[in-house]
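# Architecture and fold: a report
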Amino acid sequence: MSEWNYVANDGTVATAWATPYSMIKDANLVISNVDKFEETEAGQAARIKGQALAIRAFAHFELLKYF
């Protein structure tokens, strides 16, 4: 098991925190607005929403692993 020590002013932690939360914010934006657009092919909105849900879940999982 590896052990890491961080300094309070270390930018690594801030980046590791900010990147997944940015992904979560963007995925939430897509999820909340995908139904406002007309579908150009069958199931396209559902597929986009599913992908955004998967991205959001992945970002939450990365945060769980890291912190």
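We now turn to the structure provided with this report. Computed from a predicted model, the values in this text were never measured in an experiment. (Residues numbered from 1 in each chain as written. Predicted model: local features only at pLDDT ≥ 70, side-chain atom pairs only at ≥ 80, totals over all residues. Heavy atoms only, no water.)

### Structural notes on helix α2 (residues 44–66)
Across its 23 residues, α2 extends 33 Å between first and last C-alpha, which sits within 8% of the 33 Å expected from 1.5 Å per residue. Of all the residues in α2, the buried ones are Ala-45, Ala-52, Ala-59 and Leu-63. (Helix = DSSP H or I, 4+ residues; strand = E, 2+ residues; numbered from the N terminus. Expected span 1.5 Å × (residues − 1). Buried < 20%, exposed > 50% of the residue type's maximum accessible area, 1.4 Å probe, protein only.)

### Notes on the environment of Val-30
Along the chain, the position of Val-30 falls in helix α1 (residues 11–33). We classify Val-30 as partly exposed; its relative accessible area is 34%.

### Looking at the packing of aromatic side chains
Under the counting rule described, the total for this entry stands at 1 aromatic pair. Ring centres 5.0 Å apart and planes at 40° place the aromatic pair Trp-17 and Tyr-21 in the tilted group. One end of the pair, Trp-17, and the other, Tyr-21, are both in helix α1, 4 residues apart, so they sit about a helical turn from each other. In this structure Trp-17 comes out as partly exposed when scored by relative accessible area, which is 44%. (Phe/Tyr/Trp six-rings, centres within 6.5 Å; stacked < 30°, edge-to-face > 60°.)

### Notes on the environment of Asp-35
As for its placement among the helices and strands, Asp-35 is situated in the loop between α1 and α2. On the accessibility criterion, Asp-35 (60% relative accessible area) is exposed. Separated by 11 residues in the primary sequence, Asp-35 and Ala-46 have C-alpha atoms spaced 8.7 Å apart.

### Some remarks on the pattern of salt bridges
A side chain with one charge may pair with a side chain of the opposite charge, provided their charged atoms come close. This model, assessed by the stated rule, comprises 2 salt bridges. With a shortest N-O distance of 2.9 Å, Lys-25 and Asp-26 are connected by a salt bridge. Judged by relative accessible area, Lys-25 falls into the exposed class, the value being 52%. Taking the relative accessible area as the measure of exposure, Asp-26 reaches 37% and is therefore partly exposed. The partner of Glu-62 in a salt bridge is Lys-65, and the shortest N-O contact between them spans 3.0 Å. One end of the pair is Glu-62 and the other is Lys-65, both in helix α2 and 3 residues apart, which spans about a single turn. For Lys-65, a relative accessible area of 53% puts it in the exposed group. (Salt bridge = Lys/Arg side-chain N within 4 Å of Asp/Glu carboxyl O.)

Shape descriptors only; they carry no functional weight alone.
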